[in-house]
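Structure at a glance
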Amino acid sequence: MHVLSYFTTDDEALHVATSPDGHHFTPLDDGAPVLRGQVGAGTLRDPFLLLGPDGLYHLLATDGWSSPRIVHATSPDLRRWSPQRLLEPMAGVTGARNAWAPEAFTDDDGVVHLLWSSVVDPDNDDHDWHHTNQEHRIWHTATRDFTEFTEPRVFFDPGYPVIDATVARAGGRYVMAFKDERGENTPGTDHKNILLTTFTDPHGPLTEPTGPVTPSPVEGPSLFRRGDEWVLIFDHFLDDGYGALASADDMSTWEPTDIGMPPGMRHASVLVVP
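Criteria and thresholds
Residues numbered from 1 in each chain as written. Predicted model: local features only at pLDDT ≥ 70, side-chain atom pairs only at ≥ 80, totals over all residues. Heavy atoms only, no water. Helix = DSSP H or I, 4+ residues; strand = E, 2+ residues; numbered from the N terminus. Rg over C-alpha atoms; globule rule 2.2 N^0.38 Å. Buried < 20%, exposed > 50% of the residue type's maximum accessible area, 1.4 Å probe, protein only. Contact = heavy atoms within 4.5 Å. Areas by Shrake-Rupley, 256 points an atom, 1.4 Å probe, with all protein chains shown as cover. Lys, Arg positive; Asp, Glu negative; His and termini not counted. Charge placed at Lys NZ, Arg CZ, Asp CG, Glu CD. Phe/Tyr/Trp six-rings, centres within 6.5 Å; stacked < 30°, edge-to-face > 60°. Pairing = 2+ DSSP bridges. Axes fitted to C-alpha atoms, helices over the stretch in contact; angles between N-to-C directions.

Another point: the overall build of the protein chain. What the protein chain contains, in helices and strands, is zero helices and 19 strands. Relative to its length of 274 residues, the protein chain is compact, with a C-alpha radius of gyration of 17 Å against a globular reference of 19 Å. Each principal axis of the C-alpha distribution contributes one length, and for the protein chain these read about 45 × 45 × 40 Å. With 274 residues in all, the protein chain has 57% of them scored as buried. Across the protein chain, the fraction of contacts at a sequence separation of at least 24, relative to all contacts at a separation of at least 6, is 49%. Entry remark: accessible area of the protein chain is about 11800 Å², with carbon and sulfur atoms responsible for 47%. Within the protein chain, the 42 negative side-chain charges are centred at a point lying 3 Å from the centre of the 18 positive side-chain charges.

For the structure shown, the criterion picks out eight aromatic pairs. Taking 5.1 Å as the distance between ring centres and 50° as the angle between the ring planes, the aromatic pair formed by Phe105 and Tyr174 counts as tilted. One end of the pair, Phe105, is in strand S8 (residues 100–106); the other, Tyr174, is in strand S13 (residues 173–180), and 69 residues separate them in sequence. Across the pair, exposure class does not vary: Phe105 and Tyr174 are buried alike.

The sheet built from four strands is open, its strands ordered S15-S16-S17-S18 with antiparallel pairing. Every other strand in the sheet has two partners, leaving strand S15 (219–226) and strand S18 (255–256) as the edge strands with one partner each. Sheet analysis places strand S16 (residues 229–236) next to strand S17 (residues 241–247), joined by seven bridges and oriented antiparallel. If you follow Val231 over to S17, its bridge partner there is Ala246.

Attention now moves to the pairing of strand S14 (residues 194–199). Of all six residues making up S14, six are buried, and the element is well covered by its neighbours. A two-sided burial pattern is seen for S14, the buried positions comprising Ile194, Leu196 and Thr198 on one face and Leu195, Thr197 and Phe199 on the other. The sheet contact formed by S13 and S14 spans six bridges and is antiparallel. Residue Ala177 lies in a different strand from S14, and its bridge partner there is Leu196.

Now for the pairing of strand S10 (residues 137–143). Of all the seven residues making up S10, seven are buried; the element is thus mostly covered by neighbouring parts of the structure. What you see with S10 is no split at all: Arg137, Trp139, Thr141 and Thr143 on one side and Ile138, His140 and Ala142 on the other are buried throughout. Of the strand pairs in this sheet, strand S9 (residues 112–118) and S10 are connected by seven bridges, and their pairing is antiparallel. Its bridge partner being in S10, Ser117 is matched across the sheet by Ile138. Where S10 and strand S11 (residues 153–156) come together, three bridges link them in antiparallel fashion. By the bridge assignment, Trp139 is partnered in S11 with Val154.

The next subject is the sheet that holds S9. Overall, antiparallel pairing links the four strands, which are arranged S8-S9-S10-S11 in an open sheet. Only two strands of the sheet have a single partner each, and these edge strands are S8 and S11. When strand polarity is set aside, the average angle formed by the axes of neighbouring strands in this sheet is 35°. The sheet contact formed by S8 and S9 spans five bridges and is antiparallel. By the bridge assignment for S9, Phe105 is matched with His113.

Let's shift gears to the environment of His236. One can find His236 in strand S16. Setting aside chain neighbours within four positions, we find His236 in contact with Pro215, Pro217, Val218, Gly241, Tyr242 and Gly243.

Tracing the sequence through the fold places Ala99 in the loop between strand S7 (85–87) and S8. The spacing of Ala99 and Thr132 is 33 residues in sequence and 17 Å in space, taken between C-alpha atoms. Leaving out residues up to four positions away in the same chain, Ala99 has contacts with Thr62, Ser67, Pro68, Arg69, Ile70, Trp116, Ser117 and Ser118.

Let's shift gears to the side chain of His72. For His72, the location among the structural elements is in strand S6 (residues 70–75). By relative accessible area, which is 4% here, His72 ends up buried. Those residues in contact with His72 that sit more than four places away from it in its chain are His58, Leu59, Leu60, Pro83, Gln84, Arg85, Leu87 and Phe146.

The values are spatial; any link to function lies outside them.
This is the structure in structure tokens:
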């Protein structure tokens, strides 16, 4: 089963859709939210679902534009949810201004690795998040129980702003898709597209990025396996639409593919459940 998590422009809450094969997704509850934000900013932006080593679904979400905290909750079935709490992975980092689009992956030892994008700027707490590019980098922490975490560290810094990292396990390596955050939020801009990098050790290092593999401007990529191919979806955020590419090889070549997804969704992520 494929499980799609997303929020909408009109409703920054957790929405869920499912598909038996990754070709057409049907929203639960006729598209109504299955969970609303109850802590922090009261929103669930960029919702991401991980099936953890404990057998529970773990929700991670952005706690608003300018919070350095991450919303976390668990569920056995995507219906019943634990009380939400705020993780503070950047609590010891002076000048941390935000924590966007948290995601996670699990290594072979059952350790969960969290990734998110943050701006660290000790001298300026007045950021125009909506209109001005910020110096985001991808950060990392690891945990076995979502209670104790390793010290946060910069996981990926290519020398320019990057956001929206997502990781898939492909054979003996990890593949990470991310957004090059340079450029302008206008049609035809340079950058603002999705690139790929790989690593074999869950702590890095990462290879030189390849791509872009998408048009621009887009954001919010998600990588998932569909039968004998890989699929990459991404948010055309200026047009309130979604794009999808498929790769039948090792993700070196991509072709457009059809996929049926709910209307109005933003920053969607796909979880494949065995």
